[in-house]
Amino acid sequence: MSEASHHHVPAVHDDHHHGPASGLTRWLFTTNHKDIGTLYLWFSFAMLLIGGTLALIIRAELFQPGLQFIEPEFFNQMTTNHGLIMVFGAIMPAFVGLANWLLPMMLGAPDMALPRMNNLSFWILPFAFSMMISTLFMEGGGPNFGWTFYAPLSTTYAPPSVTFFIFAVHMMGASSIMGSINIIATILNMRAPGMTLMRMPLFVWTWLITAYLLLAVMPVLAGVVTMMLFDIHFGTSFFNAAGGGDPVMFQHIFWFFGHPEVYIMILPAFGVVSQIIPTFSRKPLFGYDSMVYATSSIAFLSFIVWAHHMFTVGMPLAGQLFFMYATMLIAVPTGVKVFNWISTMWRGSMTFETPMLFSIAFVVLFTIGGFSGLMLAIAPADYQYHDTYFVVAHFHYVLVPGALFSIIAAVYYWLPKWCGRMYDERLGKIHFWLSFIGVNITFFPQHFSGLAGMPRRIPDYALQFADFNMISSIGAFVFGFSQLLFGYVLIKAIVSGRKATSRVWEGAHGLEWTLPSPAPYHSFTHPPKVVEAEAHS
Amino acid sequence: MSDPSKDTSVYYVPENGWHPIWVAVGVFLLVSGIGSWLNDLQAGVEPSRLILIIGGLILIATLWFWFARVIEENSAGLVNGQLKRSYVWGMSWFIFSEVMFFLAFFGALFYTRVLAVQWLGGEGEKAITGDYLWPDFVPSWPVVQNPDPLVFNNPGESMQAPAITEIGAWSAYLPLWNTIILLTSSFTVHFAHTAIKNRDRTKLNLWLAGTVVLGVVFLILQVEEYVHAYNELGLTLDSGIYGSTFFLLTGFHGFHVCLGTFILAVQLGRALKGHFEPHDCFGFEAASWYWHFVDVVWVCLFVFVYVV
């Protein structure tokens, strides 16, 4: 994507400034943060399409009550792998790809702090996902126990392919841990002079905090799948009460990982929209400091709320009360953020280019997901909502028009900087409206079917849910196929888009916009001096 | 390394290299091999270890060349102070992630010991489950009587430390000796570090070699303890939750001691070749931090797995 361009770089050190290597080895052996960012982003787009295909298989089956296309056993494999591929294959790598592309440019650094490890973090992923997807073709079928892989479904009653699932998770975890170590080292050590912590763009801040969350919880995930492996193959009894263990303990350890994981997928999204909204409102971000503190508070709270996923397993009352109130507390810093985004737009001279449209949709629809989260946090109410489509609607609202919309917004926003060319604004807007309408048609009715009692993870359902499911399936196909348009818009821009200026957007601030478009292969061999105005938008 | 530029104001960004992706290939083959090996064992099929071995060899060889390359780059003067700080941050946060890995297992120990086993025995609000399933189960820690001994054999005895007053029993208690050995080794590795700072190569080699020897002795005693547990106590991985937590915690710790000893041995080899200067010894320091980390984990193990 990025052409080597030397004119911006001081001549003295030109010998350091090779362009990209030619051929396939450029991608296999690369140590360049832009190349690796590109690899991450295309990989995650491929995973989005695969995971999306699984989702469409699910929605096709649910279009009408009764069993139409697939067996219940296969349906379970679809829900499981859809979740795993989207969480670990699409959303997380996309954010790491954005971090790779943007952190060195935003901080005034030559590259990521540990470039070879950066290459390794990426190249583990295609292997890990080949392994995971290959389980679908193994004897006994792939993982069929839901993306949360609760024991004993994932131990005593699991297909043999679970062993490979476990190792695939180990590999993804190793990739994430190395990736976050690299991000932390880059942010703490590679800032240009003058780029103090409180001058960093908010995308950098949110990624710093996300990297700590990853470091703290990915090893716990590794621990819990290791216990599964030993329960399955070596006769331990961690999750088997007959030997003194407890299947509920699996849920505790899993969600100790799982809840921070949810924020791992949303904090960088907060960062992205905090960059985009000021640009198109032509105002600085409202309440920068409070954004930093709110992000940190959310990260801290994410460690003490995990059991709100398990209100119905039979916890002591005191535990339920603690986890209920702690969870509700998260609404405070999240509210601060939403307030700040709206205040940034307030009386700004706003324009509505595609990245801005996706960001505004993010603020509105993510907030809807946040509100349904508050409803789920109320323990007695959760007894009713638990494991219904209401939960499905809730987390898809925060993940699809939340995390995914922010990723799409980021790609539209920075694409001109990456490849030096503009996307087709008219097609971008069509993509937005198709996605926006599609996503709401898909997931809004699921609130109603869930409140009416439709359970999640089933291939067939009672007749009274038929209408909502049919609407939902139509929306899913609209949304799914409009992502092919997204791919077309991207390729069209990269191949034949109109040339972009270096500032790209009239209201854009930050170091990355001081570089030419496309950004040179090596950004800042010698760190720039950072003045306040250029630091963050 | 086309240009060993002496301009240390430039952060050294390595050129493209083959090492990382081969590590990925090696890891992939290794875990695929382990996975199919385990599944073959489970299915009662004659297992093949070929893929596992190939993957392991690729991984080990690639890491060897990778580290050699990094050491060369450092001696060529490419590594400036800022890059060294990146290494320091990298190693520190790697150790933090290891701490969190062990925390998962300690969490499992505390949860089962304090909550799950008690509930199974009829404590608390959830008593009915235990009463209904295994009314005869009496909770205790160590769990020497499992809720369902037909599914999980009872361990004969536990590894629990003797009572505080039995001085004689303590002197024959291997975990105590292992604690003394590991704590001593933390001091010896620190003395080796001081020797680097004082440019005293003889002392460096001696203290470092001493640390490696202590690591090896620890591992031998640990194997001895496992043999004792399996053959004489009937305490095994599949003897219920006590054996599960005991072997996974001490086992993963032992694995980390193995790794740490190997890393220190490599540093010893480098020391004998004349590497390390007072202000240029990151490889050694990283190894010693790792060693202090496994030491701290052991102290927690000794307290919470053996004594309390």
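Residues numbered from 1 in each chain as written. Chains lettered and ligands numbered in written order. Predicted model: local features only at pLDDT ≥ 70, side-chain atom pairs only at ≥ 80, totals over all residues. Heavy atoms only, no water.

**Describing the overall build of chain A**
Thought 1: From N to C terminus, chain A includes 17 helices and zero strands.
Thought 2: Relative to the 2.2 N^0.38 estimate, which gives 24 Å for 537 residues, the radius of gyration of chain A is 23 Å and therefore close to what a compact globule would have.
Thought 3: Taking the principal axes of its C-alpha atoms as reference, chain A extends roughly 70 × 50 × 45 Å.
Thought 4: Buried positions account for 67% of the 537 residues belonging to chain A. (Helix = DSSP H or I, 4+ residues; strand = E, 2+ residues; numbered from the N terminus. Rg over C-alpha atoms; globule rule 2.2 N^0.38 Å. Buried < 20%, exposed > 50% of the residue type's maximum accessible area, 1.4 Å probe, protein only.)

**With respect to the interface of chain B and chain A**
Thought 1: Counting residues at the interface gives 70 residues for chain B, matched by 74 residues for chain A.
Thought 2: Across the chain B/chain A interface, buried area totals approximately 6000 Å², and carbon plus sulfur atoms make up 72% of it.
Thought 3: Between chain B and chain A we count one salt bridge in total.
Thought 4: For Glu73 of chain B, the salt bridge goes to Arg116 of chain A, with nearest N and O atoms at 2.8 Å.
Thought 5: Where chain B packs against chain A, one counts 17 residue pairs in polar contact (both at pLDDT 80 or more).
Thought 6: Every element with two or more residues in the side of chain B that touches chain A is listed here: helix H1 (19-43), helix H2 (50-75), helix H3 (81-120) and helix H8 (240-272) of chain B.
Thought 7: Looking at which element gives the most residues to the side of chain B that touches chain A, the answer is H3 of chain B, with 22 residues.
Thought 8: A breakdown of the residues in the side of chain B that touches chain A according to their chemical character gives 41 nonpolar, 19 polar and ten charged. (Contact = heavy atoms within 4.5 Å. Buried area = accessible area lost by both parts, 1.4 Å probe. Salt bridge = Lys/Arg side-chain N within 4 Å of Asp/Glu carboxyl O. Polar contact = N/O pair within 3.5 Å; in protein donor to acceptor, adjacent residues only side chain to side chain. Nonpolar A, V, L, I, M, F, W, Y, C, P; charged D, E, K, R; others polar.)

**Observations regarding the side chain of Ser359 of chain A**
Residues and elements named next belong to chain A.
Thought 1: Mapped onto the elements, Ser359 comes out in helix H12 (residues 354-377).
Thought 2: The class of Ser359 is buried, set by a relative accessible area of 0%.
Thought 3: Among the polar contacts listed, one links the side chain of Ser359 to the backbone oxygen of Pro355, at a separation of 2.9 Å.
Thought 4: What Ser359 contacts, discounting residues up to four positions off in sequence, is Val273, Ile276, Ile277 and Ala409.

**Comments concerning the pattern of salt bridges**
Residues and elements named next belong to chain B.
Thought 1: The tally for this structure, following the rule as stated, stands at ten salt bridges over all chains.
Thought 2: Between Glu277 and Arg199 there is a salt bridge, and its shortest N-O distance comes to 2.9 Å. Here Arg199 lies in the loop between helix H6 (174-197) and helix H7 (201-233) and Glu277 lies in the loop between H8 and helix H9 (282-307), a separation of 78 residues in the sequence.
Thought 3: The exposed category is assigned to Arg199, whose relative accessible area is 59%.

**Here we look at the confidence of the model for chain B**
Residues and elements named next belong to chain B.
Thought 1: The predicted model of chain B has a mean per-residue pLDDT of 93, with 97% of residues at 70 or higher.
Thought 2: Long-range and interchain partners of residues 1-6, a stretch whose pLDDT sits below 50, account for 19 contacts in this model, where long-range means more than four residues apart.
Thought 3: Of the two predicted TM-score estimates for the complex, the pTM is 0.94 and the ipTM is 0.95. (pLDDT = per-residue confidence, 0-100.)

**A closer look at the packing of helix H3 (residues 72-107) of chain A against helix H14 (residues 389-419) of chain A**
All names here are of chain A.
Thought 1: Two elements in contact, H3 and H14, have axes whose closest approach is 11 Å; the angle formed by their N-to-C orientations is 35 degrees. Crossing geometry of H3 relative to H14 is assigned as left-handed. Listed contacts from H14 to His82, Ile91, Ala94, Phe95, Leu98, Trp101, Leu102, Met105 and Met106 of H3 are His396, Leu399, Ala403, Leu404, Ser406, Ile407, Ala410, Trp414, Lys417 and Trp418.
Thought 2: Residue composition of the contact of H3 with H14, grouped by class: 15 nonpolar, three polar and one charged. (Axes fitted to C-alpha atoms, helices over the stretch in contact; angles between N-to-C directions. Left-handed = near helix turned anticlockwise from the far one by under 90°.)

**Looking at the packing of aromatic side chains**
Residues and elements named next belong to chain A.
Thought 1: Enumeration according to the criterion identifies 82 aromatic pairs over all chains in this entry.
Thought 2: Relative to Phe165, the ring of Phe145 lies with its centre 5.5 Å away and its plane at 65 degrees, an arrangement referred to as edge-to-face. Of this pair, Phe145 sits in the loop between helix H4 (115-134) and helix H5 (162-189) while Phe165 sits in helix H5, and the two are 20 residues apart along the sequence. Per residue, the accessibility class of Phe145 equals that of Phe165, and both read buried.
Thought 3: For the ring pair Tyr397 and Phe444, a centre distance of 6.1 Å and an interplane angle of 80 degrees mean the geometry is edge-to-face. In this pair, Tyr397 is assigned in helix H14 and Phe444 in helix H15 (residues 425-451), connecting sequence segments 47 residues apart.
Thought 4: By relative accessible area, which is 1% here, Tyr397 ends up buried. (Phe/Tyr/Trp six-rings, centres within 6.5 Å; stacked < 30°, edge-to-face > 60°.)

**Some thoughts on H3 of chain B**
All names here are of chain B.
Thought 1: Taking 1.5 Å of rise per residue, 40 residues should cover 58 Å, and H3 covers 57 Å from first to last C-alpha, within 8% of that figure.
Thought 2: If you look at H3, its biggest bend is around 45 degrees, right at Thr112.
Thought 3: Gly122 lies just past H3 and shows a positive phi near 105 degrees. (Expected span 1.5 Å × (residues − 1). Bend = angle between axes of the 7 residues up to and from the residue.)

**Brief notes about the packing of H3 of chain A against helix H7 (residues 247-264) of chain A**
Residues and elements named next belong to chain A.
Thought 1: Running from N to C, H3 and H7 cross one another at 35 degrees; their axes reach a closest spacing of 11 Å. Counting all contacts with H3, which are made through Val87, Phe88 and Met92, the residues of H7 involved are Phe257, Glu261 and Ile264.
Thought 2: Tallied by class, the residues present in the contact of H3 with H7 amount to five nonpolar, no polar and one charged.

**Some remarks on the confidence of the model for chain A**
Thought 1: Mean pLDDT over chain A stands at 94; residues scoring 70 or higher make up 96%.
Thought 2: When the criterion is pLDDT under 50, residues 1-16 of chain A qualifies, and its contacts beyond four places in sequence or with other chains add up to 41 contacts.

**Notes on the domain arrangement of chain B**
Residues and elements named next belong to chain B.
Thought 1: As assigned here, chain B comprises domain 1 (10-79) and domain 2 (80-110 + 159-307).
Thought 2: Here the C-alpha centre of domain 2 lies 24 Å away from the C-alpha centre of domain 1.
Thought 3: Between domain 1 and domain 2, the residue contacts involve eight residues of the former and ten residues of the latter.
Thought 4: Of the roughly 820 Å² buried at the junction of domain 1 and domain 2 (both faces included), carbon and sulfur atoms supply 58%.
Thought 5: Looking only at domain 1, the three residues that lose the most surface to domain 2 are Tyr11, Ile71 and Val79, adding up to 66% of its buried area.
Thought 6: Inspection of the domain 1/domain 2 interface yields zero salt bridges.
Thought 7: In this structure, the connection of domain 1 to domain 2 is made through four residue pairs in polar contact (both at pLDDT 80 or more). (Domains from an automatic or database assignment.)

**Re the nonpolar core**
Thought 1: In this structure, Phe88, Phe165, Trp341 and Trp418 of chain A are the most contacted members of the largest nonpolar core, which totals 278 residues.
Thought 2: The biggest single contributor to this core is helix H6 (residues 202-233) of chain A, with 24 residues.
Thought 3: Both of domain 1 (10-79) and domain 2 (80-110 + 159-307) of chain B provide at least three residues apiece to this core. (Core = buried A, V, L, I, M, F, W, Y, C linked by side-chain atoms within 4.5 Å.)

**Let's talk about the environment of Ser290 of chain A**
Residue and element names in this part refer to chain A.
Thought 1: Within the secondary structure, Ser290 sits in helix H9 (residues 288-301).
Thought 2: The exposure class assigned to Ser290 is partly exposed, which follows from its relative accessible area of 27%.
Thought 3: C-alpha separation for the pair Ser290 and Asn340, spaced 50 residues apart in sequence, amounts to 8.5 Å.
Thought 4: With residues near it in sequence (within four places) discarded, Ser290 still touches Val336 and Asn340.
Thought 5: A distance of 2.8 Å separates polar atoms of two side chains, one belonging to Ser290 and the other to Asn340.

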